[in-house]
Amino acid sequence: MASYDIAIIGAGSAGLTAARFGTRLGARVALIEANRVGGDCTWTGCVPSKALLHAAKVAHTVRNASRYGITAKDQHIDFGAVMGRVKGAVDEVYAQESPETLRAEGVDVLEGRAKFQDARTLAVGNQEVSARCFLICTGATPFVPPIPELEDTPYLTYETFWDLAALPDRLVVIGGGPIGCELAQACQRLGSRVTLVEAADRLLPNDEPEAGQAVAQALRRDGICLRLASPVESVGRSGHGPGVLVSAGGESIKGDAVLVAVGRRARVDGLGLERAGVEHSPRGIAVDDYLRTSAKHIYAAGDCAGGFQFTHYAGFQGAMAVRNMLLPGRSRARPQHPPWATFTDPEVAHAGYTEEQARQRFGDKARVSMLPMAHVDRAVTEDATEGFIKVVRRSNGETLGATVVGQRAAETLQAWTLAGDNGLKMADVARTMQAYPSLATGNQQLAWDAYLDGLTTGFTGKVVRWFAGSGRS
């Protein structure tokens, strides 16, 4: 029986980060993967979807080149070649995390399905593995809702979408969250006719309402038919052909394919968790703030732990789990307000409190500042004035949260992520000089305006004006 300091089940973002960190600390680490090292992010999530979105944006830019005084020839989109480029991006990322690469770094990669035999032993294929500590990071799978007739109808998820040989002429997307919005826009821009169906009355329900409105406006402008406030009643075949018929909101929608994108569920089945004394439910594995399960030497991180389902969140938790296993003291690893981004065009990026959350927590001490992208010079020069920067702060200037909608919003957000995590105030952001012209200058503009508002109102404002005016004489 092979024995390790840490045995990690799952080689996605959390597992990869944990394995490399543990090895760097000098621990003997086994990384066990039943499918492909890299997990959803590399193979079916972040990497392929962003590569596809980039290709779609290139097509959109060429299609609208006359707006900038450039004449482009008739456009032809070779979907096979597009998917070839997507696969190339996946392969490049995978090369940095392949079993061979990891083994060269000192990680013992075991390929096979892991199952607890007891609290201290795993079966991996025909071998057994024991460890001082275990980390479960098995990720999540697409959630398929119990829609009548769906199980008898061919449908796509974010996992099977990448097997398409041809782009559907008519695509129906069920779900207005990040995955649904991103793939809907990409397919529309590459030539499909897309209808997006969402049960709620707005897109991106976890983001600020203004962000969902901006994305809805952009999708409609691209030609996508949005059916909001339209719960799906059934999904079946359309006649005797290969098409599908989606009934939603009392209407029938015909398509050549349907993509189900209504969320993900934790992958916890088949691990033998009962034998190890690990409490779990369909929502995921129960962990404390330090990622310990009900068996104190077994930890869980990432999507399977029932929290936020983001690659960066999983990677952070993977590192924190190893830190808490091996090093003195403990670090909390379940932040309540992690940053996230949806990579539509325009992008939506968020960190910290939303306005509604801030008002619930801080009442009338919560303040809101907004700056339209039309007031940011770099956005004007790039014809990217759609969107805004919205910051929620306390009356003392402390930053609580931010949303950025626009080009490269995820990068522009970083100043507010840093400010929120370190208790910085608007004055701190205002004093941080940004290179001009960059989108980040919008952060400084907004912070400066908010700082001046606090400086020139109320009793403080009276004192400042006295010094600036009559106080000099």
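Fair warning: this is a prediction, and the values are worked out from it, not measured in the lab.

**Considering the sheet that holds strand S22 (residues 388–394)**
The strand order S19-S20-S23-S22-S21 describes an open sheet built from five strands, whose pairing is antiparallel. One side of each edge strand has no neighbouring strand; the edge strands of this open sheet are strand S19 (340–342) and strand S21 (366–372). The mean inter-strand angle of the sheet, taken between neighbouring strand axes irrespective of direction, is 10 degrees. Across the sheet, helix H10 (residues 355–362) is in contact with strand S20 (347–352), S21, S22 and strand S23 (399–406); its angle to S21 comes to roughly 160 degrees.

**Some thoughts on empty space enclosed by the protein**
According to the stated counting rule, one finds one cavity of 30 Å³ or more in the structure shown. In this structure, the largest cavity occupies an estimated 30 Å³ of space. In terms of lining residues, the largest cavity is bounded by Pro-142, Phe-143, Thr-157, Tyr-158, Ile-179, Val-260, Ala-261, Val-262 and Gly-263. A breakdown of the residues in the lining of the largest cavity according to their chemical character gives seven nonpolar, two polar and no charged.

**Regarding helix H4 (residues 79–95)**
In an α-helix there are 3.6 residues to a turn, and that puts residues three or four apart on one side. Relative to the 24 Å expected for 17 residues at 1.5 Å per residue, H4 spans 24 Å between its end C-alpha atoms, a close match to the ideal helical length. Regarding H4, the residues found buried are Phe-79, Val-82, Met-83, Val-86, Ala-89 and Val-90. Projected down its long axis, H4 carries its buried residues within an arc of 110 degrees, all on one side. Along H4, exposed side chains directed more than 90 degrees from the buried face belong to Arg-85, Lys-87 and Glu-92. Packed against the buried residues of H4 are helix H2 (39–43) and helix H3 (46–63). One side-chain oxygen at the N-terminal end of H4 lies 3.1 Å from the backbone nitrogen of Gly-80; it belongs to Asp-78.

**A word on the sheet that holds strand S8 (residues 170–174)**
Hydrogen bonds along the backbone pair up the strands of a sheet, which may run parallel or antiparallel. Strand order across the open sheet formed by four strands is S10-S9-S8-S14, with parallel pairing between neighbours. Both edges of this open sheet fall to strand S10 (225–227) and strand S14 (257–260), since each of them pairs with a single strand only. Each strand of the sheet is rotated relative to its neighbour by a mean of 20 degrees, with strand direction disregarded. Bridge analysis of S8 against S14 gives four bridges, and the strand direction is parallel. Among the inter-strand pairings, Ile-174 is bridged to a residue of S14, identified as Val-260.

**Quick look at the packing of helix H6 (residues 178–189) against helix H7 (residues 209–222)**
It is at 10 Å that the axes of H6 and H7 come closest, and there the two elements cross at 20 degrees. It follows from the interaxial angle that H6 and H7 lie roughly parallel. Remark: the crossing between H6 and H7 carries left-handed chirality. For the pair H6 and H7, the contacting residues are Cys-181, Gln-185, Gln-188 and Arg-189 in the first and Val-215, Leu-219 and Asp-222 in the second. Looking at the contact of H6 with H7 residue by residue, the class counts come to three nonpolar, two polar and two charged.

**As for the nonpolar core**
Nonpolar side chains in soluble globular proteins tend to end up buried together. Core analysis: the largest hydrophobic core is formed by 53 residues, its most contacted members being Ile-8, Phe-116, Leu-122, Leu-135, Ile-136 and Ile-285. Per-element accounting of this core gives the leading share, six residues, to strand S6 (residues 127–136). Discounting chain neighbours no more than four positions away, the residues touching Leu-135 are Ala-7, Ile-8, Ile-9, Ala-18, Tyr-299, Ala-300, Ala-301, Gly-318, Ala-321 and Met-325. Among the nonpolar cores identified, the runner-up in size contains 41 residues, and Ala-56, Phe-161, Val-194 and Leu-204 belong to it.

**Focus on the pattern of salt bridges**
For the coordinates displayed, the defined rule picks out 25 salt bridges. Here Lys-50 ties to Glu-182 by a salt bridge, and the two come within 2.8 Å at their closest N and O atoms. Taken as a pair, Lys-50 in helix H3 and Glu-182 in helix H6 lie far apart in primary sequence, 132 residues in all. When its relative accessible area of 28% is taken as the criterion, Lys-50 is described as partly exposed. Here Glu-182 falls in the buried class, since its relative accessible area comes to 6%. The closest approach of N and O atoms between Lys-390 and Glu-208, which form a salt bridge, is 3.3 Å. Linking Lys-390 in strand S22 with Glu-208 in the loop between strand S9 (193–197) and H7, this pair joins segments that are 182 residues apart in sequence. Taking relative accessible area as the criterion, Lys-390 reaches 1% and is therefore assigned buried. On the basis of relative accessibility, which here comes to 4%, the residue Glu-208 falls in the buried class. Salt bridges linked by common partners bring Glu-208, Glu-210, Glu-355, Arg-359 and Lys-390 together as one network.

Each value, and the rule that gives it
Residues numbered from 1 in each chain as written. Predicted model: local features only at pLDDT ≥ 70, side-chain atom pairs only at ≥ 80, totals over all residues. Heavy atoms only, no water. Pairing = 2+ DSSP bridges. Helix = DSSP H or I, 4+ residues; strand = E, 2+ residues; numbered from the N terminus. Axes fitted to C-alpha atoms, helices over the stretch in contact; angles between N-to-C directions. Contact = heavy atoms within 4.5 Å. 1 Å grid on protein atoms, 1.4 Å probe; cavity = no way out; pocket = protein on both sides within 12 Å on 5 of 7 lines; lining within 4 Å. Points joined across faces, edges and corners; volume = space filled by probe spheres on them. Nonpolar A, V, L, I, M, F, W, Y, C, P; charged D, E, K, R; others polar. Expected span 1.5 Å × (residues − 1). Buried < 20%, exposed > 50% of the residue type's maximum accessible area, 1.4 Å probe, protein only. Arc of directions from axis to C-beta. Polar contact = N/O pair within 3.5 Å; in protein donor to acceptor, adjacent residues only side chain to side chain. Parallel < 35°, antiparallel > 145°, perpendicular 65-115°, else oblique. Left-handed = near helix turned anticlockwise from the far one by under 90°. Core = buried A, V, L, I, M, F, W, Y, C linked by side-chain atoms within 4.5 Å. Salt bridge = Lys/Arg side-chain N within 4 Å of Asp/Glu carboxyl O.

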